[in-house]
Amino acid sequence: MSPPPAPRVRDAFPHTRRPLPWILCAFVGMLFLVPIASTQLKVSLPVDSKIDRFAVIGLLISWFWVGGDQRAFLRTRRSKLFVTAAGIFLALAVASLLLDSGRIVNLGTLELSAKRFALLGSFLIFAWFALTALRFEDVRGFGTYLIGLAVVMSIGMLIERRTGYNIFYEWTRTVLGPIANVEAAPTNIHPMFGSEGRLVVVGPTQHGLAATTMLVVVMPLALLRVLDATSRRSWWLNAIAFALMLTAALATDRKTAVVVPVVMVLYIACYRPRKVLRLAPLGLVALIGIAHLASPGALGTVLNLNNAQTSSSTTHRVGDFTDVAPDIVAHPVLGRGYGTVNSDKATEFRINDDEYIDVLWEVGAFGLLAFMWMILAPVVLARGAIRARAPNASLALATSAGCVAFFVACALFDALAFPQAPYMFFLIAALTTIAAAGPEGNVVPARELVRQLAGRRRAVPAT
């Protein structure tokens, strides 16, 4: 007989009236359902008018208007390691631009760099908003919400592979058409006419690798719930969710859909070896069957070693570092300047399939170390809670596994070039920071303290 379900926590997402978690909820929903990189509002601005830029401005306004006193994060017991790491990377990115500003202005890449800094700023603002909007009690409910969004996205991608119809682009064009321009979906289910001779399935993104990264970052949330399930209903629901996410990732015909989940499972197995080994045989057979039924041919294409060795993407990766090495040697410490590599000019700049090479190229060796530390800082934070077997251990393990997934994905494609992927990393890094601190990391914001004090004073009878 299974134990009774845990009691509902009061004032925890989604059972809360606090506005900031719901505002964050809306933004994250946009990432999964709207092709933000292909949707541009019909306004003339000196910077990109992509829809996510306006949404980030909305986050800022709501943060100051509704909960600006959530700066209380600075006096919580939550670790500041991730925030410090992100700040150091930002400082080095700025330094790389300032120290080589003369050459950057002469080459005419300053405007491009400004746009890239605006995007980096959007990522950091989003991470700060998540850190200050959510309490520890919100993390589990928010994880459920992420799993639900990933399942919806997965179903849409499986339909896309079968029919060639990209529901994310089409519904966005229908709803936002009067106020925004939505580019045509790059979907192509006929390999003979597609790039690299393979299917093109992208979901709400511009590239299959970006869609795959979004899904693999969320997968650990479902997998840990399978391992820790206390009821058959919970086990089946989360197992189906995990299978759908993995199948949708495989539907992109990208090797990343196999490599990253394997590394993620190995990371979880380091902490839960018995549970993972017990689940592995049954899970592997079930996943192969579901993948074959939902996306015929995808698994065989991804696992085809001959295609993996001879594909144009593999051949291109071989020369990634060699071709940019002279420029890296010329600017070894802080690079040629953050955001000065224009991927739209293929005749002048090489498009690398490795974000670490791009960061080394633009921000130098120091910038690369800071970037890698920014990704791994939440993983380091989670170790204490996981090893202590604290009540927050499973949450910390699941969210930190998402950070590990992004760390591996960055070695397989230029992740920062596709906004949904870094947005998801900064969200999962914020959740890891909150989960690692546990309930002790919560703090009552200043406004709420004032309200409580005022209420107590009114409750005191006059003498």
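About the criteria used
Residues numbered from 1 in each chain as written. Predicted model: local features only at pLDDT ≥ 70, side-chain atom pairs only at ≥ 80, totals over all residues. Heavy atoms only, no water. pLDDT = per-residue confidence, 0-100. Contact = heavy atoms within 4.5 Å. Salt bridge = Lys/Arg side-chain N within 4 Å of Asp/Glu carboxyl O. Helix = DSSP H or I, 4+ residues; strand = E, 2+ residues; numbered from the N terminus. Buried < 20%, exposed > 50% of the residue type's maximum accessible area, 1.4 Å probe, protein only. Axes fitted to C-alpha atoms, helices over the stretch in contact; angles between N-to-C directions. Left-handed = near helix turned anticlockwise from the far one by under 90°. Nonpolar A, V, L, I, M, F, W, Y, C, P; charged D, E, K, R; others polar. Expected span 1.5 Å × (residues − 1). 1 Å grid on protein atoms, 1.4 Å probe; cavity = no way out; pocket = protein on both sides within 12 Å on 5 of 7 lines; lining within 4 Å. Points joined across faces, edges and corners; volume = space filled by probe spheres on them. Phe/Tyr/Trp six-rings, centres within 6.5 Å; stacked < 30°, edge-to-face > 60°. Lys NZ or Arg CZ within 6 Å of the ring centre and 35° of its normal. Core = buried A, V, L, I, M, F, W, Y, C linked by side-chain atoms within 4.5 Å.

Colleague: Looking at this model, I keep getting lost on the confidence of the model for the protein chain. Mind explaining?
Modeller: Should pLDDT be low for a region, the predicted coordinates there are not to be read in detail. When the pLDDT values of the protein chain are averaged, the result is 82; 77% of them are 70 or greater. Overall, residues 308-312 carries pLDDT values under 50, and its contacts beyond four positions in sequence, including any with other chains, amount to seven contacts. Here residues 314-319 scores under 50 on pLDDT; set against residues more than four positions off or in separate chains, the count is 12 contacts.

Colleague: How should the pattern of salt bridges be read in this particular structure?
Modeller: Here the idea is simple: oppositely charged side chains can pair when their charged atoms come close. Here the structure, examined in full by the defined rule, presents seven salt bridges. Note that arginine 272 is salt-bridged to aspartate 228, the shortest N-O span being 3.0 Å. Linking arginine 272 in the loop between helix 10 (256-271) and helix 11 (273-294) with aspartate 228 in the loop between helix 8 (208-227) and helix 9 (232-250), this pair joins segments that are 44 residues apart in sequence. Note on arginine 272: relative accessible area 8%, which makes it buried. What you see here is one network of salt bridges that share partners, running through Asp228, Arg272 and Lys275.

Colleague: Honestly, the packing of helix 6 (residues 136-163) against helix 18 (residues 420-437) in this entry has me stumped. Any pointers?
Modeller: A pair of packed helices is captured by two measures, namely the crossing angle of their axes and the spacing between those axes. Orientation of helix 6 relative to helix 18, taken along the N-to-C sense of each, is 145 degrees, at an axis distance of 9 Å. Handedness of the helix 6/helix 18 crossing: left-handed. Note on element contacts: helix 18 touches helix 6 through Met424, Leu427, Leu431, Ile434 and Ala435, opposite Phe136, Val139, Phe142 and Leu146. A class-by-class count of the residues in the contact of helix 6 with helix 18 yields nine nonpolar, no polar and no charged.

Colleague: Explain the environment of threonine 213 to me, please; I cannot follow it from the model alone.
Modeller: Residue placement: threonine 213 occurs in helix 8. Residue classification places threonine 213 among the buried positions, given a relative accessible area of 1%. For threonine 213 and proline 422, which are 209 residues apart along the polypeptide, the C-alpha to C-alpha distance reads 9.2 Å.

Colleague: Help me understand helix 18 in this model?
Modeller: One full turn of an α-helix is made of 3.6 residues, so residues set three or four places apart face in the same direction. Over its 18 residues, helix 18 extends 26 Å from the first C-alpha to the last, a length consistent with the 26 Å expected when each residue adds 1.5 Å. With 18 of 18 residues buried, helix 18 is to be regarded as a mostly interior element.

Colleague: What is the right way to read empty space enclosed by the protein from this model?
Modeller: Think of a ball as big as a water molecule: rolled over the atoms, this probe shows where empty space is left. Using the criterion set out here, one finds one cavity of 30 Å³ or more in the structure. The volume enclosed by the largest cavity comes to roughly 50 Å³. Looking at the largest cavity, the residues that line it are Phe89, Leu120, Phe123, Phe371, Met374, Phe406, Leu416, Pro422, Phe425 and Phe426. Every element with two or more residues in the lining of the largest cavity is listed here: helix 5 (110-133), helix 16 (355-387) and helix 18. The leading source of residues in the lining of the largest cavity is helix 18, at three residues. Of the residues contributing to the lining of the largest cavity, the split by class is 10 nonpolar, no polar and no charged.

Colleague: Explain the packing of aromatic side chains here, please?
Modeller: As enumerated under the stated definition, the model contains 23 aromatic pairs in all. Taken together, Phe27, Phe82, Phe123, Phe126, Phe406, Tyr423, Phe425 and Phe426 form an aromatic cluster joined through their ring pairs. For arginine 116, the ring lying beneath its charged end belongs to tyrosine 338, and the centroid distance is 4.9 Å.

Colleague: Honestly, the nonpolar core in this entry has me stumped. Any pointers?
Modeller: When a protein is soluble and globular, its nonpolar side chains tend to lie buried together. One finds Phe32, Phe126, Leu146, Ile268, Phe425 and Leu427 to be the most contacted residues of the largest nonpolar core, which totals 130 residues. Counting residues per element, this core draws most heavily on helix 16, at 15 residues. With sequence-adjacent residues up to four places away left out, phenylalanine 32 is seen in contact with Leu146, Leu149, Ala150, Met153, Phe168, Pro204, Met214, Val218 and Met424.

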